[in-house]
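One-letter residues, chain by chain:
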Amino acid sequence: MKKIILIAALSLTLAACNEPQSKARAVYLLLDTSGTYTREMDKAQSIINYLLATLDSGDSIAIARIDSGSFSEKDIIARMTFDDRPSTSNQQKRQFKAQIDSFVDSLRGGSRHTDITGGMLQASEYLRETGAGEKYVLIFSDLEEDLQKGHIRDFPISLPDIHVVALNVTKLRSDNIDPRDYMERLDLWKKRVDEAGGSWGVINDLERMDHLIAQR
Amino acid sequence: MFNEILTIWSDQAGLSAAIWLFILVFVAYLARNPAHSLILSTGHAIHAACRLFATSLRHLESSLQRRNREVVLALGEDACERAIEREFHRVNAVVTRDLSAYPALHRQISDTIDRIEEDYQAATDVPPLPPEWLQAVDSIASIPRSGDATVCSILDNIGNTLENAHRETEKAYRKTTLGRHKLLGAMQPQWRKLGHSLARVKETIDGLDERSLEIDRQMAAYEAIRKSDDTIARTLSSSSLTQFFISSLVLVIAVFGGLINFQLIAMPMSEMVGGTSYIGPMRTSDIAALVIIMVEIAMGLFLLESLRITHLFPVIGSMDDSMRKRMIVITFSILAILATVEASLAYMRDLLALDREALTQSLAGNVIVAEAEFRWIPSLGQMIMGFILPFALAFVAIPLESFIHSLRTVIGIVALALIHSLAFLARLLGGSARQASRMLVSMYDLLIMLPLGIERLITGSIKSKQRIGDSDDGVEYLMEEKS
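Just so you know, these numbers come straight off a predicted model, no measurement behind them. Throughout, a residue's number is its position along its own chain's written sequence, starting from 1. Here chains are named by letter from A upward and ligands by number from 1 upward, in the order in which they appear as written. Two thresholds apply to this predicted model, a pLDDT of at least 70 for residue-level local features and 80 or more for giving and counting side-chain atom pairs, whereas whole-chain, interface and lining totals are computed over all residues. Side-chain metrics in this entry use all non-hydrogen atoms of the structure; hydrogen atoms and water are not considered.

> Explain the overall build of chain B to me, using residue names and the numbers behind them.
Per the secondary structure count, chain B includes 13 helices and two strands. A buried classification covers 28% of the 483 residues belonging to chain B. If you take every contact in chain B between residues at least 6 apart in sequence, the share linking residues at least 24 apart comes to 79%. Residue exposure ignores everything except the shown protein chains as possible cover, and the areas themselves are Shrake-Rupley values with a 1.4 Å probe. Total accessible area computed for chain B in this model is approximately 31,800 Å², and 67% of it derives from carbon and sulfur atoms. The numbering of helices and of strands both runs from the N terminus, where a helix is a DSSP run of H or I of at least 4 residues and a strand a run of E of at least 2. Three labels apply to residues, based on accessible area from a 1.4 Å probe with only protein chains included: buried if under 20% of the type maximum, exposed if over 50%, partly exposed otherwise in between. Throughout, a residue-residue contact means that at least one pair of heavy atoms, one from each residue, lies within 4.5 Å.

Dropping the structure here:
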């Protein structure tokens, strides 16, 4: 009997000593600000509002834009890790919303190029630094990459344990002529994300965002 | 592989199988006696083992039954002792409260009776005696009048005097009668007072009488328990089961109350200890809320224990009164403080919920409406619930004690039923094994019926020949005897 108690006590101690996996969530939203996508900002705002309502204390969020060269800290519009206390966290959410609203109001014209890969690399770095248990990269874009001359992005990227979700992937005019272009674009990104160690998903209907982030 | 073995004797499967069957039957015939012994001894061994197992289970069952009986009787004895003690306490309280004032009451009753007696004596109807000279006057008045005017006048005067005297006497008598009536009227409240006092005494005596009857009943039950009466053991056992189900029901209700309490304080607790740290799979704030509820229940346990309502901790029960009173004050204070903390947490929960709702509304782009008029009602309700629930949970000690006590009996009964079933199964298995071994022996003989039949034929013919031989020998013997 004493041995059983001793073994149980030791097991409990060892279980308590294990490094607990973080239960926090981190979301990095990439907003395509090129060309016609600037007109879709109201949808992006509703996505951000949804994220703010879903995330809790201890979770992290960052919003960054995709422009000609997105692998830069300067492209991060706003980022925040919510406080432990719910009341403070609510205040932070209000501040965050105000920041985003001011960015959207100040947005004039789109960038000439679209560097999605750079944005994803930046997202991967940010998410790794948060140390969150669940990591998400949300891409609000048509997924058509248009790199500036001289920028090199055709190398394998690393997105370990990151859920990458493409939102509101609009069909380009050329997609209507040949839908295979659209399919190929999605397949190409799925392949890249899978090879990078992440998981891939697409949500075009923003009404179905309920299951985007795992609820606690 | 099987086919190869089957066709080892011939390519024709049927023929080969027949040869195998023949060999098998022949071998079985040869091994008949040892096989029979093996089957029968195996069956017997299983039967014996099962019987042994069943017997040991029966022993265990009877010892468990004894233990259950002892537990039930011990619980009953304890309950009886407590009930008798309680009754004596009540009798003591009645005696202290009512009969301690009995001497004063007795004096009061005696005084009242004395006063009534005095009044009665004073109210005795004594008719007034006519004055002594009235007789003489009456004699003179009855003297016949001779016609003399003087004598007539004297006699008239005497008559008038006599009438006046009577009138005076009647007047005096009426006056004294009125006085007596007044005295009798003054006696009425005294009677009533006496009646009330006697009714009070009767009430007290009746109460004591009821208590003594209850004590008699409890003492009879106690004696029956001491004598280990079967009927009382059965009654106590069924009472334990009833207690078990009732206390389980109340505990389930308490668990639901605890869950509501947890919901009230879990969210605001994250404001105090943070909402992001975890201990194992649970949030620290949830654990903190649970700890508060557990501490409240523990304080409730100690409080009821100190009040001697429950008897879970003999150490507390056996403390001296001053220490116990100190403990009552301390546990009640902690409980009150925790209840206040809970009430404030419940209020904070309401504030947080409002803030969150406002944020959600603003994120959804809705215009924030003015605060509802009766919004304070749910806030106040939550605060009251937060304050009341800890005290309600404190009373969980009472059903918990009943549950723990009755659980011993219930576990005993369940274990008894299990052992009884096991013993029955063991006996069934043993009997089945013995019957199966007999059946297998018959089946074995059925398999080798052909060689057995031949054997019987051969042995039968040999025996008949022997019998004929024996009878021939007998005839020859008789012939020799005759000769």
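Now that the structure has been shown, the text picks up again.
> Tell me what's going on with the interface of chain A and chain B, and back it up with residues and numbers.
Contacts between the two partners involve 16 residues from chain A, matched on the other side by 16 residues from chain B. For the pair chain A and chain B, the summed buried surface comes to about 1,500 Å²; carbon and sulfur atoms form 51% of the total. What makes a salt bridge here is a side-chain nitrogen of Lys or Arg within 4 Å of a carboxyl oxygen of Asp or Glu, nothing more. Across the contact surface, chain A and chain B share two salt bridges. A salt bridge links A:Arg94 to B:Asp355; its shortest N-O distance comes to 2.8 Å. Counting of polar contacts relies on pairs of N or O atoms within 3.5 Å, with two restrictions inside protein: one atom must be capable of donating a hydrogen and the other of accepting it, and residues adjacent in sequence are counted only when both atoms are side-chain atoms. At the boundary of chain A with chain B, the tally comes to five residue pairs in polar contact (both at pLDDT 80 or more). Of all the secondary-structure elements, those providing two or more residues to the side of chain A that touches chain B are helix H2 (41-54) and helix H3 (86-106) of chain A. Residues were grouped as follows: Ala, Val, Leu, Ile, Met, Phe, Trp, Tyr, Cys and Pro as nonpolar; Asp, Glu, Lys and Arg as charged; and all remaining residues, including Gly, as polar. Here the residues of the side of chain A that touches chain B are counted per class, giving three nonpolar, five polar and eight charged. The term buried area denotes the loss of accessible surface (1.4 Å probe radius) that occurs when two parts are joined, taken as the sum for both partners.

> I'd like a rundown of the sheet that holds strand E6 (residues 199-203) of chain A, residues and numbers included.
Residues and elements named next belong to chain A. Whether two strands pair comes down to DSSP finding at least two bridges between them. If you walk across this open sheet you meet the six strands as E3-E2-E1-E4-E5-E6, and the pairing is mixed. Only two strands of the sheet have a single partner each, and these edge strands are strand E3 (76-81) and E6. Adjacent strand axes in the sheet meet at a mean angle of 15 degrees when their direction is disregarded. Relative to E3, strand E2 (residues 60-66) runs antiparallel, the two sharing five bridges. Residue pairing in the sheet places Ile63 in a bridge with Ala78 of E3. The sheet strands contacting helix H6 (residues 180-195) are strand E5 (162-167) and E6, and the helix crosses E6 at an angle near 150 degrees. All axes here are fitted lines through C-alpha atoms, helices being fitted over the stretch that makes contact, and every angle between N-to-C directions spans 0 to 180 degrees.

> Run through the packing of aromatic side chains, naming residues and quoting values.
Any pair of Phe, Tyr and Trp rings, taking the six-membered ring for Trp, is counted once the centres come within 6.5 Å. Such a pair is stacked with planes under 30 degrees apart, edge-to-face with planes over 60 apart, and tilted for the rest. In this structure the tally under the stated criterion is seven aromatic pairs over all chains. Ring centres of B:Phe22 and B:Phe26 lie 6.3 Å apart, and the angle between their planes is 10 degrees; on these two criteria the pair is classed as stacked. Taken together, the residues B:Phe22 and B:Phe26, both in helix H2 (residues 13-30) and four residues apart, mark about one turn of the helix. A relative accessible area of 60% places B:Phe22 in the exposed class. Relative accessible area serves as the criterion here: at 44%, B:Phe26 is assigned to the partly exposed category. An aromatic cluster of three or more residues is present, and its members are B:Phe244, B:Phe245 and B:Phe403. Geometrically, a lysine NZ or arginine CZ counts as sitting over a ring once it is within 6 Å of the ring centre and also within 35 degrees of the ring normal. Its end group placed over the ring of B:Tyr278, A:Lys23 keeps NZ or CZ at 4.9 Å from the ring centre. Here the guanidinium or amino end of A:Lys93 rests over the ring plane of A:Phe82, the centre of that ring lying 5.5 Å away.

> Tell me about unusual backbone geometry, and name the residues and values.
Residues and elements named next belong to chain A. The phi angle at Leu143 is positive, at roughly 70 degrees, despite the residue not being glycine. Along the chain, Leu143 falls in the loop between strand E4 (134-140) and E5. With a relative accessible area of 2%, Leu143 lands in the buried category. Even without glycine at this site, Asp161 takes up a positive phi of about 55 degrees. Within the secondary structure layout, Asp161 lies in the loop between E4 and E5. Assessed through its relative accessible area of 61%, Asp161 is described here as exposed.

> Pulling in residues and values, what's your account of the pattern of salt bridges?
Here the structure, examined in full by the defined rule, presents 21 salt bridges over all chains. Residue A:Asp56 pairs with B:Arg356 through a salt bridge whose shortest N-O separation is 3.6 Å. With A:Asp56 in the loop between H2 and E2 and B:Arg356 in helix H10 (residues 321-363), this residue pair bridges two chains. Overall, the relative accessible area of 34% leaves B:Arg356 in the partly exposed class. Beyond isolated ion pairs, a larger network of salt bridges with shared partners links A:Arg25, A:Asp56, A:Asp59 and B:Arg356.

> Kindly report on the side chain of A:Lys97, identifying the contributing residues and their values.
Locating A:Lys97 in the fold gives a position in helix H3. Discounting chain neighbours no more than four positions away, the residues touching A:Lys97 are A:Asn49, A:Leu52, B:Ser362 and B:Leu363.

> Tell me about H3(A), and please be specific about residues and values.
The end-to-end C-alpha separation of H3(A) is 30 Å, in line with the 30 Å expected for 21 residues at 1.5 Å each. When H3(A) is considered as a whole, its buried residues turn out to be A:Pro86, A:Ser89, A:Asn90, A:Gln92, A:Lys93, A:Phe96, A:Lys97, A:Ile100, A:Phe103 and A:Val104. Projection of H3(A) onto a plane perpendicular to its axis shows the buried side chains occupying an angular sector of 160 degrees, all on one side. Buried positions along H3(A) lie against H2, E2 and E3 of chain A together with helix H7 (230-273) and H10 of chain B. Take the residue count of a helix, subtract one, and multiply by 1.5 Å to get its expected span. The directions from the helix axis to the C-beta atoms form the arc being described.

> Lay out the packing of H7(B) against helix H8 (residues 284-306) of chain B with the relevant residues and their values.
Residue and element names in this part refer to chain B. Between H7 and H8, the shortest axis-to-axis distance is 7 Å and the interhelical angle comes to 130 degrees. One finds that H7 runs oblique with respect to H8. H8 is crossed by H7, and the crossing has right-handed handedness. Contacts between H7 and H8 involve Gly258, Asn261, Phe262, Ile265, Ala266, Met269, Ser270 and Val273 on the former and, on the latter, Thr284, Ser285, Asp286, Ala288, Ala289, Leu290, Ile292, Ile293 and Glu296. Residue classes in the contact of H7 with H8 are distributed as 10 nonpolar, five polar and two charged. An angle counts as roughly parallel when it lies under 35 degrees, as roughly antiparallel when it exceeds 145, as roughly perpendicular when it falls between 65 and 115, and as oblique in every other case. Handedness of a crossing follows from how the near helix is turned relative to the far one, being left-handed for an anticlockwise turn of less than a right angle and right-handed for a clockwise one.

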